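Observations on chain architecture
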Amino acid sequence: IIFLFFILLSQTGAVAGLRAEELMTVRTALKDIFPQATQIVPEALTLTPAQIQTIETKARIERNPFSEQEFRVHIAKNGSGVIGYAFEDTVKGKWGPIDYLLGIDQNGKVIKVIVLSYQERRGRPTAKPRFLKQFINKTTEDPLRLRKDINGISGATVSSQAITEGVRKLLNIFEEVYKIPA
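Scope of this entry: the structure provided in the associated data block. Keep in mind it's a predicted model, so treat the numbers as computed, not measured. (Residues numbered from 1 in each chain as written. Predicted model: local features only at pLDDT ≥ 70, side-chain atom pairs only at ≥ 80, totals over all residues. Heavy atoms only, no water.)

1. Things to note about the pairing of strand β6 (residues 110-118)
For β6, a buried count of seven out of nine residues is recorded, marking the element as mostly surrounded by other parts of the structure. Where strand β5 (residues 97-105) and β6 come together, seven bridges link them in antiparallel fashion. The residue bridging Leu-102 from the neighbouring strand is Val-113, located in β6. From the end of β5 to the start of β6, which pair antiparallel, there are four residues, and Gly-108 there has a positive phi angle of about 95°. (Buried < 20%, exposed > 50% of the residue type's maximum accessible area, 1.4 Å probe, protein only. Helix = DSSP H or I, 4+ residues; strand = E, 2+ residues; numbered from the N terminus. Pairing = 2+ DSSP bridges.)

Given below as structure tokens:
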């Protein structure tokens, strides 16, 4: 009886937050991050085990270790060359996966973070600009830690932590693979 009741509730939409909610497509997010781009070239980036170890150490990965060696990267260009990179990633929120896109300029600074989809109940505010704008202009030189330079969302600590660690990981991937030494 309880099982039938649950099915009835889920079919009527009374059990909110159990399905993934798509907020934005990758294509739309890329246009938002790089409005000045004349070309965006997708690339499959495969990291070696040595690179993964280096990145995990530098990024201080605790909660969301690498589950994949391959990442989807979008290289934004205009007439003057590369203007930035956007990394697609998925982290584990409390209730399910959070898919997001991280835009980084050619110097390794965060341009923007956009949550593409999630399966969260209480972590929904992590997709809002109020939380995500804290990452703008951050680099690997910043702590990128909750309660240090990033304020988490009350009641959504797991999701806040997952996105923060994900951004820290991707910034370190950028630095390991794409950043040109000064």
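Having seen the model, we can carry on.
2. Describing the side chain of Asp-149
With respect to the helices, strands and loops of the structure, Asp-149 is situated in the loop between α4 (129-132) and α5 (157-177). Within polar-contact distance, the side chain of Asp-149 engages the backbone nitrogen of Leu-144 at 3.0 Å. Only 2.9 Å separates the side chain of Asp-149 from the backbone nitrogen of Arg-145, close enough to count as a polar contact. Discounting residues that sit within four places of it in the chain, Asp-149 has contacts with Gln-134, Lys-138, Asp-142, Pro-143 and Leu-144. (Polar contact = N/O pair within 3.5 Å; in protein donor to acceptor, adjacent residues only side chain to side chain. Contact = heavy atoms within 4.5 Å.)

3. Concerning the packing of aromatic side chains
All told, the structure shown has five aromatic pairs when counted by the stated rule. Taking 4.6 Å as the distance between ring centres and 35° as the angle between the ring planes, the aromatic pair formed by Tyr-85 and Tyr-178 counts as tilted. Placement of the pair is Tyr-85 in strand β4 (residues 81-92) and Tyr-178 in the segment after α5, with a sequence separation of 93 residues. On the basis of relative accessibility, which here comes to 9%, the residue Tyr-85 falls in the buried class. Look at Phe-131 and Phe-135: their rings are 5.5 Å apart centre to centre, the planes differ by 80°, and that puts the pair in the edge-to-face class. On the accessibility criterion, Phe-135 (0% relative accessible area) is buried. (Phe/Tyr/Trp six-rings, centres within 6.5 Å; stacked < 30°, edge-to-face > 60°.)

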